[in-house]
Amino acid sequence: AGHVGAVATELARHFEEARDYPRAIAHLRLAADADVSRRGNQEAVSLLTRALALADRLPEPAADAVCPILLEQLGRVRRGMGDVHGAVHEFEALATWARDRGRIGLEAKAALYRASVLSWIDPERSRAASEEGIALEARVEDPLLRAHVQGYSAYWRLQRRGWRADDAG
């Protein structure tokens with residue numbers, strides 16, 4: 001109790017051996033968070049990559065619940081460690097996953113994440129990715145996700161054209 005983060009990798013291994021993949025994945029995510037907090041980003045990438053491999057063994061509804069979470073977490077870890085190409089790859093995978101399942105909000109979020117990473121190395125691809133996310137914004141149904149996407153969208157609009165009176169809305 002209270003020390004799951006310290007033994008999460010070991011617990012994940014035990015759950016994987018028992019073929020309890022949902023619990024193994026949950027503990028791999030906990031261990032990855034612990035690694036990131038101590039700047040063990042490469043270790044976190046390895047754990048999250050393992051969790052994605054285990055997600056392939058889950059039945060479709062369970063895999064659909066966990067795959068986007070893992071792809072986003074992995075992309076954010078890669079972005080945090082400066083692995084631009086790896087982060088772009090993960091966010092592209094997330095966008096493709098979302099597009100294939102009609103998850104517009106998640107597709108928009110992934111496009112805007114990709115835009116933020118690409119802004120470091122490729123302004124034109126960054127602009128295209130941000131425009132892709134902005135175009136999807138109006139179709140996002142979840143109010144909290146829409147607010148998240150609108151915040152990203154506002155940032156990119158301001159970067160491109162500056163402040164306008166209609167931006168206050």
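Residues numbered from 1 in each chain as written. Predicted model: local features only at pLDDT ≥ 70, side-chain atom pairs only at ≥ 80, totals over all residues. Heavy atoms only, no water.

Quick word on the overall build of the chain
Then, number 1: When helices and strands are tallied, the chain shows 8 helices and 0 strands.
Then, number 2: In the chain, the order of α-helices and β-strands from amino to carboxyl end is α-α-α-α-α-α-α-α.
Then, number 3: C-alpha extents for the chain along the principal axes are approximately 55 × 35 × 30 Å.
Then, number 4: Considering the chain as a whole, with its 169 residues, one finds that 41% of them fall into the buried category.
Then, number 5: Working note: accessible area of the chain is about 9300 Å², and carbon and sulfur atoms make up 52% of it.
Then, number 6: Between the centroid of the 24 positive side chains of the chain and the centroid of its 25 negative side chains there is a distance of 2 Å. (Helix = DSSP H or I, 4+ residues; strand = E, 2+ residues; numbered from the N terminus. Buried < 20%, exposed > 50% of the residue type's maximum accessible area, 1.4 Å probe, protein only. Areas by Shrake-Rupley, 256 points an atom, 1.4 Å probe, with all protein chains shown as cover. Lys, Arg positive; Asp, Glu negative; His and termini not counted. Charge placed at Lys NZ, Arg CZ, Asp CG, Glu CD.)

Regarding the packing of helix H6 (residues 104–118) against helix H8 (residues 143–161)
Helix-helix packing is described using two parameters, namely the angle between the two axes and the distance between the axes.
Then, number 1: Direction vectors running N to C along H6 and H8 enclose 30 degrees, while the axes themselves pass 10 Å from each other. In this view, H6 runs roughly parallel relative to H8, as classed from their interaxial angle. At the point where H6 passes H8, the crossing takes the left-handed sense. Residues Gly105, Leu106, Ala108, Lys109, Leu112, Tyr113, Ala115 and Ser116 of H6 touch H8, and the partners they reach there are Leu145, His148, Val149, Tyr152, Ser153 and Trp156. (Axes fitted to C-alpha atoms, helices over the stretch in contact; angles between N-to-C directions. Parallel < 35°, antiparallel > 145°, perpendicular 65-115°, else oblique. Left-handed = near helix turned anticlockwise from the far one by under 90°. Contact = heavy atoms within 4.5 Å.)

Thoughts on the environment of Ala31
Then, number 1: Relative to the elements of secondary structure, Ala31 occurs in helix H2 (residues 21–37).
Then, number 2: Each C-alpha atom of the pair Ala31 and His89 lies 22 Å from the other, and the pair is 58 residues apart in sequence.
Then, number 3: Other than its neighbours up to four places away in sequence, Ala31 contacts Ala8, Thr9 and Leu47.

Notes on the packing of aromatic side chains
Then, number 1: Under the criterion given, the structure shown has 1 aromatic pair.
Then, number 2: Measuring from ring centre to ring centre gives 4.8 Å for Phe91 and Tyr113, while their planes differ by 20 degrees; the resulting arrangement is stacked. You can see Phe91 sitting in helix H5 (residues 84–100) and its partner Tyr113 sitting in helix H6, a full 22 residues away along the chain. Each member of the pair, Phe91 as well as Tyr113, is classed as buried. (Phe/Tyr/Trp six-rings, centres within 6.5 Å; stacked < 30°, edge-to-face > 60°.)

Quick word on the packing of H5 against H6
Then, number 1: Contact pair H5 / H6: the axes reach a minimum separation of 8 Å and the direction vectors enclose 165 degrees. One way to sum up the angle between H5 and H6 is to call them roughly antiparallel. Our pair here, H5 against H6, has a crossing hand that is left-handed. The residues of H6 that touch H5, namely those facing Val84, Ala87, Val88, Phe91, Glu92, Leu94, Ala95, Trp97, Ala98 and Arg99, are Leu106, Glu107, Ala110, Tyr113, Arg114, Val117 and Leu118.
Then, number 2: In terms of residue class, the contact of H5 with H6 is made up of 13 nonpolar, no polar and 4 charged. (Nonpolar A, V, L, I, M, F, W, Y, C, P; charged D, E, K, R; others polar.)

Looking at the pattern of salt bridges
Opposite charge on two side chains makes pairing possible when the charged atoms of those side chains draw close.
Then, number 1: Under the criterion given, the structure shown has 15 salt bridges.
Then, number 2: Linking Arg38 and Asp35 is a salt bridge whose minimum nitrogen-to-oxygen distance equals 2.8 Å.
Then, number 3: Relative accessible area serves as the criterion here: at 10%, Asp35 is assigned to the buried category.
Then, number 4: A salt bridge links Glu92 to Arg125; its shortest N-O distance comes to 3.3 Å. Placement of the pair is Glu92 in helix H5 and Arg125 in helix H7 (residues 123–137), with a sequence separation of 33 residues. (Salt bridge = Lys/Arg side-chain N within 4 Å of Asp/Glu carboxyl O.)

What to know about the confidence of the model for the chain
Then, number 1: Averaged over the chain, the pLDDT score is 90; the fraction of residues at 70 or greater is 95%.
Then, number 2: Within the chain, no element has a lower average pLDDT than H8, which sits at 80, and none a higher one than H5, at 97. (pLDDT = per-residue confidence, 0-100.)

Here we look at the nonpolar core
Then, number 1: In this structure, Ile25, Ala55, Leu58 and Leu70 are the most contacted members of the largest nonpolar core, which totals 31 residues.
Then, number 2: Elements represented by at least two residues in this core include exactly helix H1 (4–17), H2, helix H3 (41–55), helix H4 (60–80), H5 and H6.
Then, number 3: It is H3 that provides the largest number of residues to this core, a total of 8 residues.
Then, number 4: In this structure Ala55 touches Ile25, Ala63, Val66, Cys67 and Leu70, once residues within four positions along its chain are discounted. (Core = buried A, V, L, I, M, F, W, Y, C linked by side-chain atoms within 4.5 Å.)

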